[in-house]
2 protein chains.
Amino acid sequence: MQTEDLQKQIIKLNKIGIALTSEHDLDQLMFLIVSEARDYTNCDAGSLYIREDDNLIFMVSQNDTLARRTGVDDEQVMFKPFSIPLTRESVAGYTALTGEIINIEDAYLIPPEKDYKINREFDRRNNYRTKSIMSVPLIDNEGKVIGVLQLINALDDKQNVITFPKESENLVKSLSSQAAVAIKNAQLTKCLKKAHYDTIFRLSAAAEYRDLDTAQHIRRMSSYSGLIAQGMGFSKYDVEMIVNASPMHDVGKLGIPDSILLKPGKLTAEEFKIMESHTTMGSSILANSDSELMKKSELIAISHHEKFDGSGYPNKLTGEDIPIEGRVCALADVFDALSSPRCYKPAFPLEKVLSIIEEGRGTHFDPRVVDAFLDNLDDALEIKELYQDEEEMTGEEAPRDIKAN
Amino acid sequence: MQTEDLQKQIIKLNKIGIALTSEHDLDQLMFLIVSEARDYTNCDAGSLYIREDDNLIFMVSQNDTLARRTGVDDEQVMFKPFSIPLTRESVAGYTALTGEIINIEDAYLIPPEKDYKINREFDRRNNYRTKSIMSVPLIDNEGKVIGVLQLINALDDKQNVITFPKESENLVKSLSSQAAVAIKNAQLTKCLKKAHYDTIFRLSAAAEYRDLDTAQHIRRMSSYSGLIAQGMGFSKYDVEMIVNASPMHDVGKLGIPDSILLKPGKLTAEEFKIMESHTTMGSSILANSDSELMKKSELIAISHHEKFDGSGYPNKLTGEDIPIEGRVCALADVFDALSSPRCYKPAFPLEKVLSIIEEGRGTHFDPRVVDAFLDNLDDALEIKELYQDEEEMTGEEAPRDIKAN
């Protein structure tokens, strides 16, 4: 390679490295790794495996020829991840176990003395001819193989399949090590978020114990909120926000004494006033945070009991003056309350629940929120099914039962 | 540059890129960026600025000559971050505002028509001669300048100061863009952790409202725990864990009814049994999480009332059978309870608190924990001072006051 070429390669590789390390969404990152590597080596197809214990999980597959044939855009081709055992018998497995790059001229002519062979099933099923393969280990900064990148059918200028050039191996290796670090970083980000959301759901659910609600209420209410938000066209990020901010909507109830929170009969006017203050107390618990998520949860805490016609509390806001998150969560919360049994009432039949919601259209609820909800009612019912209350809570799972004894 | 050289450069740059993107601790990362860049360009000194609004914050400074002269190792030289205004008058400011690399032959011979000049104050104070400078913008993947890397006094083989070679500019640029992405990633990690910890402290503090404790109790108890852990030689990571897991030690109290939790007089044996169950309830709220932090908090919830001699609850564990985190938090919790006013008692004088702790050495408390605490008593008292209870809680900050009305 000429000096000038090499310098271009450096710049190109550098750009790829930056693109990869800037992508924090794990799924999108893995897709990007395959497409950047394919672009860089000019090849027809590629796939990516992630190592998990003694398996390789097949995460991404891209194939230009098949995409052209089916008319389906690459990015829309979705595969369900499946796994293969981590053995030397597959090319990917051999790559992962040895940490070596494997550069194969013709997949159908692999010498029989080699440990690995090709499974021709994919080719047969799809009428495809896998010929040249470059199989590259994804080695992280600690020298651990965390996955395998497979590039298939390198192409020349005339779109003929050729062997992957030997001299590109080092550059692809460099690319793949950047990819490995990027994957580890995205996994870390995912892990940190997951831990945070886990904390929110646990502590929010724990706070609800006093209210005799179950942890499942929090799950359902959060999922309904996410469903409505999605239906209203919220971005993926905003959906994630509402899903994980909404569980904290009632934390202000921690400030309401048992004598009011758990009173069996009707509350007096004064008691109701105190009960209402769970919205303002919730928002003050959550106030003044730097975190976007916490800011959303503050909004939701203060506004989830406002009503579209201004008859709600605490601020009697009307219409779009009520934060959209509050309008969404209001419906999610009420739907769950109506459709679940509570200590003072059985679960209402779906028909009755829906007629109450329809009735509240434009008075209690934002009509657009109602529409988004009803448009996705089937999914809502699936959520209800998924997060059912346990038949009866026992022992440590139902700490408030202790009181009943 | 020769082809072979260039290939070596690629490999080197790639290694640096990977090292940078693998470092998630922001402070260590910034230090690493300067040392890797200095190593790569072979220069005597370097510094790093991070842009924050209209300022550049001076974050890292390394200087081999001064380090040798003072005998202080580079890594030990700590500077308090200070900021300079973001204007074209400083070299760093000019670099940040224009996004251009500036390569200066002699800092003392900058032509007067240039916007920027050198502040010789540093040189005068330290008897140093800043000559050649390469000032490089840290440009992130969105093209935004997020900081500036300044390299000072390039050296030849004989340690003579030379000008930074023009042809290294592109490679340094490549390095610095990797550095920029790495910084953004580390900032994201920091931000995600901060948001998580914020949630923990808020929700844990909210849970304590019922107990008439203040949010400050959680802060203090967590900080005492961190202080003891540090004193016992826990790793930085483990200290961070205990600081952020300990706030959740009492979440199980959410399962204790007001009538017991807030009972003014002595609890009956049966009531006490229920009260004790806050440890097991806490651990079940926190159980079965994938998150390391949550696992620690589960351990702490279940074990912070165990006593070293086996007379604690719920499992009457003895000595080192009690998880170390539980032993640490036990002391932190008791110290705070004794040294703070509670509704049923005033704050005890320090002398009395210390004598109670001394008395508990080996019976209630792990002697090593007591030692670590007493060795760091001054810091503990500073924490106490820092997170004082408000004189009187009013309005929304003290929701349970509502009940008293």
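Model, not experiment: these values are computed from the prediction. (Residues numbered from 1 in each chain as written. Chains lettered and ligands numbered in written order. Predicted model: local features only at pLDDT ≥ 70, side-chain atom pairs only at ≥ 80, totals over all residues. Heavy atoms only, no water.)

S.K.: How should I be thinking about the overall build of chain A in this particular structure?
M.R.: What chain A contains, in helices and strands, is 17 helices and seven strands. Relative to the compact-globule value of 22 Å for 405 residues, chain A shows a C-alpha radius of gyration of 28 Å, a clear excess of over 25%. Taken along the three principal axes of its C-alpha coordinates, chain A extends 85 × 45 × 40 Å. Expressed as a percentage of the 405 residues in chain A, the buried residues total 53%. Contacts in chain A between residues at least 24 apart in sequence constitute 63% of all its contacts with a sequence separation of at least 6. For chain A, the accessible surface area stands at approximately 19,200 Å², while carbon and sulfur atoms represent 50% of it. (Helix = DSSP H or I, 4+ residues; strand = E, 2+ residues; numbered from the N terminus. Rg over C-alpha atoms; globule rule 2.2 N^0.38 Å. Buried < 20%, exposed > 50% of the residue type's maximum accessible area, 1.4 Å probe, protein only. Contact = heavy atoms within 4.5 Å. Areas by Shrake-Rupley, 256 points an atom, 1.4 Å probe, with all protein chains shown as cover.)

S.K.: Sorry if this is basic, but what is going on with the interface of chain B and chain A here?
M.R.: In many analyses, interface size is given as the accessible surface area lost on bringing the parts together. Each partner contributes residues to the interface: chain B has 60 residues there, and chain A has 60 residues. At the boundary of chain B with chain A, total buried surface from both sides reaches about 5,300 Å², with 65% on carbon and sulfur atoms. Together, Arg-202, Leu-203 and Leu-254 of chain B form the three largest contributors to the area buried by chain B at its contact with chain A, with a combined 12%. Counting across the chain B and chain A interface gives two salt bridges. Among the salt bridges present, the one from Asp-290 of chain A reaches Lys-194 of chain B, with a minimum N-O distance of 2.8 Å. Where chain B touches chain A, the interface holds 27 residue pairs in polar contact (both at pLDDT 80 or more). Elements supplying a minimum of two residues to the side of chain B that touches chain A: α1 (3-22), α6 (169-209), α11 (278-286) and α17 (401-404) of chain B. Ranked by residue count, the leading element in the side of chain B that touches chain A is α6 of chain B, at 22 residues. Partitioned by chemical class, the residues of the side of chain B that touches chain A number 28 nonpolar, 22 polar and 10 charged. (Buried area = accessible area lost by both parts, 1.4 Å probe. Salt bridge = Lys/Arg side-chain N within 4 Å of Asp/Glu carboxyl O. Polar contact = N/O pair within 3.5 Å; in protein donor to acceptor, adjacent residues only side chain to side chain. Nonpolar A, V, L, I, M, F, W, Y, C, P; charged D, E, K, R; others polar.)

S.K.: Even after reading the chapter, I still don't get empty space enclosed by the protein, so can you show me in this structure?
M.R.: Sizing a probe to match a water molecule and rolling it over the atoms shows the empty space that remains. What the rule picks out here adds up to four cavities of 30 Å³ or more. Contributions of two or more residues to the lining of the largest cavity are made by α1 (3-22) and α6 (169-208) of chain A together with α1 and α6 of chain B. Residues belonging to the lining of the largest cavity are distributed by class as follows: four nonpolar, six polar and no charged. Taken as a whole, the second largest cavity holds about 50 Å³ of empty space. Ranked by residues supplied to the lining of the second largest cavity, first place goes to helix α13 (residues 324-339) of chain B with three residues. Grouping the constituent residues of the lining of the second largest cavity by class yields four nonpolar, three polar and four charged. (1 Å grid on protein atoms, 1.4 Å probe; cavity = no way out; pocket = protein on both sides within 12 Å on 5 of 7 lines; lining within 4 Å. Points joined across faces, edges and corners; volume = space filled by probe spheres on them.)

S.K.: How should I be thinking about the pairing of strand β5 (residues 133-139) of chain B in this particular structure?
M.R.: Consecutive side chains of a regular strand alternate in pointing toward one face of the sheet and then the other. Residues and elements named next belong to chain B. Counting buried positions along β5 gives six out of seven residues, so the element sits mostly inside the fold. In this sheet, strand β6 (residues 145-155) lies alongside β5 in antiparallel orientation, the contact comprising seven bridges. Each residue of the ladder has a partner; that of Ile-139, found in β6, is Val-145. Counting the residues that bridge the hairpin from β5 to β6 gives five residues, and of these Gly-143 lies at a positive phi of roughly 85 degrees. (Pairing = 2+ DSSP bridges.)

S.K.: Where do I start with the nonpolar core in this structure?
M.R.: Buried together is how nonpolar side chains tend to be arranged in soluble globular proteins. In this structure, Ile-228 of chain A together with Ile-228 of chain B are the most contacted members of the largest nonpolar core, which totals 85 residues. Ile-228 of chain B has contacts with Val-328, Leu-331, Ala-332, Val-369, Ala-372 and Phe-373 of chain B, leaving out every residue within four places of it along the chain. (Core = buried A, V, L, I, M, F, W, Y, C linked by side-chain atoms within 4.5 Å.)

S.K.: Just checking my understanding: could you explain the relation of the copies chain B and chain A for this structure?
M.R.: Copy one and copy two of the chain differ by a rotation about an axis and a translation along that axis. Its rotation angle being 180 degrees, the transformation that places chain B on chain A also includes 0.0 Å of axial translation and leaves an RMSD of 0.1 Å. Both chain copies can therefore be described as sitting about a two-fold axis. Comparing interface residues between copies, 100% of those in chain B also sit at the interface in chain A, which points to an isologous, same-surface contact. (Least-squares fit on C-alpha atoms with pLDDT ≥ 70 in both.)

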